Amino acid sequence: MVAKTSVNLSGVYLDNPVIPASGTFGFGKEMAEVYDINILGSISIKGTTRQARYGNPLPRIAEGSCGVLNSVGLQNPGVDAVVSTELPELRKIFRKPIIANISGFSIDDYAYSCEKIDKEKQVEIIEVNISCPNVHNGGMAFGTSPDMAAKVTAAVKKVTTKPVYVKLSPNVTDIVSIARACEDAGADGLTLINTILGMRIDIQRRKPVLAQKMGGYSGPAIFPIAVRMVYQVAQACHIPIMGCGGVATAEDVIEMMMAGATAVQVGAENLHNPYVCKEIIEQLPVVMNRLHIDSLEDIIGIIK
Amino acid sequence: MQRVELKIKYNRQLIPNIYEMCLEGDVSDIRQPGQFVNVAVDNLYLRRPLSVCDYNEHELTLLYKVVGRGTTRLSLMHEGQEVDILSGLGNGFTTDVPYSNILLAGGGIGIAPLYKLAKELKSRGKKLSVALCFNTESEIFYDTAFKEIGLNDVYIVTVDGSRGHKGFVTDLIRQQQQMFGYFYACGPMPMLKALCQEVNCPGEVSLEARMGCGFGICMGCSIETTKGSQRICKEGPVFKKEDVVW
Ligand SMILES: Cc1cc2nc3c(=O)[nH]c(=O)nc-3n(C[C@H](O)[C@H](O)[C@H](O)COP(=O)(O)OP(=O)(O)OC[C@H]3O[C@@H](n4cnc5c(N)ncnc54)[C@H](O)[C@@H]3O)c2cc1C
Ligand SMILES: Cc1cc2nc3c(=O)[nH]c(=O)nc-3n(C[C@H](O)[C@H](O)[C@H](O)COP(=O)(O)O)c2cc1C
Ligand code: FES
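From a predicted model like this one, the values you see are computed outputs, not experimental measurements.

Enquirer: Explain the sheet that holds strand β14 (residues 214-218) of chain A residue by residue, including any values.
Expert: Residues and elements named next belong to chain A. Pairing is antiparallel in the open sheet, where four strands are placed in the order β5-β6-β14-β11. Looking along the sheet, the strands with just one partner apiece sit at the ends: β5 (61-64) and β11 (196-199). With direction set aside, neighbouring strand axes in the sheet form an average angle of 40 degrees.

Here it is, written out as structure tokens:
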């Protein structure tokens, strides 16, 4: 029997649940030179803001065991350039559904960018990032309060008919209360998790490694945390989840789905191994056979 | 960009803390002197970017300085072991410049990418002056390698004057009073900055940054240039003098 890898995210059908996470795949063109990106389920493009952002000073990258710390700070050309240039270019090379990732500094910002993106046919899901740890008074403030998270969700829902997935921050005491607030405010789904706030110090120079001192930690080191949060939220909410955080293998995808994810995003691992998404997609049917899984949809949230 | 497994032909210490590693295999993605590779090291999450010092159809040479965990592990690897490498990264130097009298200036381990460049420019019949700059005599390496290319004007500069010209590359240029048509440089930022201010001719410099990916997807290495924001790993690491904002 052929393993069935397709999944359904709020009416958007994906051949397979593997999606490169926002900020770890650019706008697809560099990766298109490496392999055929049309094998992917979807792509979540680099986070976009109302205005262009240069991002934070260098160094923006540090290392931890099994992970990377970044303080890129949402560098992007701004929503107008994304609509006029990046999306049309990506469309030329990518036939699958696209997920647009939006950030902002005010509720107005979010609504403005989402309204623009709403007009783009090729975008099938809007992912609202309320969890970037790398910008001052930025996204994360919205992601750490249920009330603010709900307000952003409601504002965005008003300006778009596309499914809205709210991307949550793990840097909170109770992720379930935030997830519920988003669901109640009309979110069609949730993505979790974003990076975990971290820091490294160069003990020789007696200075933080990152120019911004702190950054977001991600990679295989955070996988157990991501699985736990996906599980907790899946137990409490009824909307689909894109699981993200430390995914590196086809087995990780299956684990994330058993915890409650309908699709799975792969982030930092793309930096370390540019072929990781391709390898996971090739391995998935093999691992499914080994585990006697006929269809991935059968395992979503089987852990109670 | 291509991921390849290359086999270590040799990995030898040149002087304390400086190593030369020669790797064999598919190096077809390396097209230009000044490009770099991103080397995976066991048990470390990020790859380590290293300039390609020399290459031909089936091998490449790296020169590296032991400064931390990754380069220490590299230094312990031996002949026959395989290394996982992302090959053919970055833009590399422009080699088809219309100038004849050319200066190459390298500071410390920054001389690495200049070696293949020197060979390439020599084969194009350019007149080259090479300045190899170090802190002190005991840190000098690769000077004979450069001379063996058949270059007459290889200058050693040491900050303390223990060998060659004393001071910095800018002191050498002032003494020489040569008129260069073009220059290429790689080394510490203060050296590159001083050099760009001192020489009147156009030229290009190779820059560094801590990298997340090394092939343009993470925005970890973007800098502001006069042409807007550019990634050191993709639009660079080589930038025209006038594009760099100091
Ligand atoms: C395009 C480019 C070309 C380079 N070419 C060479 C070369 O030919 N020979 C050579 O010896 N070195 C070169 N470097 C510097 C080299 O990458 C670092 O010295 C090396 O990564 C240090 O790794 P480590 O684990 O030993 O040190 P650690 O300090 O333990 O490294 C920790 C982290 O910091 C990063 N890092 C530390 N220092 C640097 C640095 N100076 N530049 C960039 N990242 C750094 C590492 O990659 C790693 O992610 C180059 C750097 C770049 C960006
Ligand atoms: C370099 C880098 C840039 C990122 N940029 C964004 C971004 O623009 N928007 C966003 O929502 N998440 C961003 N993220 C977070 C990832 O999408 C992902 O949620 C997180 O890294 C956890 O997954 P991972 O462990 O697989 O990396 C970024 C992560 C990294 C490493
Ligand atoms: S290191 Fe990732 S874009 Fe340059």
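Enquirer: Tell me about the site of ligand 1, and name the residues and values.
Expert: Residues and elements named next belong to chain B. If you check the shell around ligand 1, you find 20 residues, and the closest are Pro49, Gly70, Thr71, Glu208 and Arg210. With respect to ligand 1, the backbone of proline 49 contributes an N or O atom lying 2.6 Å from an oxygen atom. A total of 830 Å² of accessible area belongs to ligand 1 in isolation, and the protein chains cover 86% of it. Looking at the shell around ligand 1, the elements with two or more residues in it are β4 (48-55), β5 (59-65) and α1 (69-75).

Enquirer: Residue-level account of the sheet that holds β4(B), with values.
Expert: Two modes of strand pairing occur in sheets, parallel and antiparallel, and in both the strands are linked by backbone hydrogen bonds. All names here are of chain B. With antiparallel pairing, the six strands of this closed barrel are ordered in space as β1-β2-β5-β4-β3-β6. Pairs of neighbouring strands in the sheet enclose a mean axial angle of 45 degrees, with direction left out of account. Taken together, the six bridges between strand β1 (residues 2-15) and strand β6 (residues 82-89) define a ladder with antiparallel strand orientation. Looking at the pairing, lysine 7 lines up with glutamate 82 of β6. Docked against the sheet, helix α2 (residues 112-123) engages β4 and β5, running at close to 25 degrees with respect to β4.

Enquirer: Account for the interface of chain A and chain B, naming residues and giving values.
Expert: Facing the 33 residues of chain A at the interface are 28 residues of chain B. Buried surface at the junction of chain A and chain B, summed over both partners, amounts to about 2500 Å²; 57% is from carbon and sulfur atoms. Along the contact surface separating chain A from chain B lie four salt bridges. The partner of B:Lys234 in a salt bridge is A:Glu33, and the shortest N-O contact between them spans 3.8 Å. The interface formed by chain A and chain B contains 16 residue pairs in polar contact (both at pLDDT 80 or more).

Procedures and definitions
Along every chain, residues carry numbers that run from 1 in the direction the sequence is written. All chains are assigned letters beginning with A, and all ligands numbers beginning with 1, in the order in which they are written. Whole-chain, interface and lining totals are the exception, using all residues; otherwise, since this is a predicted model, local features are given only for residues with pLDDT of at least 70 and side-chain atom pairs are given and counted only at 80 or more. The side-chain figures draw on all heavy atoms in the structure; neither hydrogens nor water molecules are used. Pairing between strands is defined by DSSP: at least two bridges between them are needed. Think of it this way: any DSSP run of H or I at least four residues long counts as a helix, any run of E at least two long counts as a strand, and we number them from the N terminus. Under this scheme, a helix contributes an axis fitted over its contacting stretch, all axes are lines through C-alpha atoms, and angles between N-to-C directions fall in the 0 to 180 degree range. Any residue with a heavy atom positioned within 4 Å of a molecule or strand is treated as near that molecule or strand. Polar contacts, as counted here, are pairs of nitrogen or oxygen atoms within 3.5 Å of one another; within protein the pair requires one atom able to donate a hydrogen and one able to accept it, and residues that are adjacent in sequence qualify only if both atoms are side-chain atoms. Here the accessible surface of atoms and residues is derived via Shrake-Rupley with a 1.4 Å probe, and residues count as covered only by protein chains that are part of the display. Should any heavy atoms of two residues lie within 4.5 Å, those residues are counted as being in contact. Here the quantity called buried area is the total loss of accessible area, with a 1.4 Å probe, experienced by two parts when brought into contact, counted for both. Salt bridges, as used here, are contacts in which a Lys or Arg side-chain nitrogen is within 4 Å of a carboxyl oxygen on Asp or Glu.

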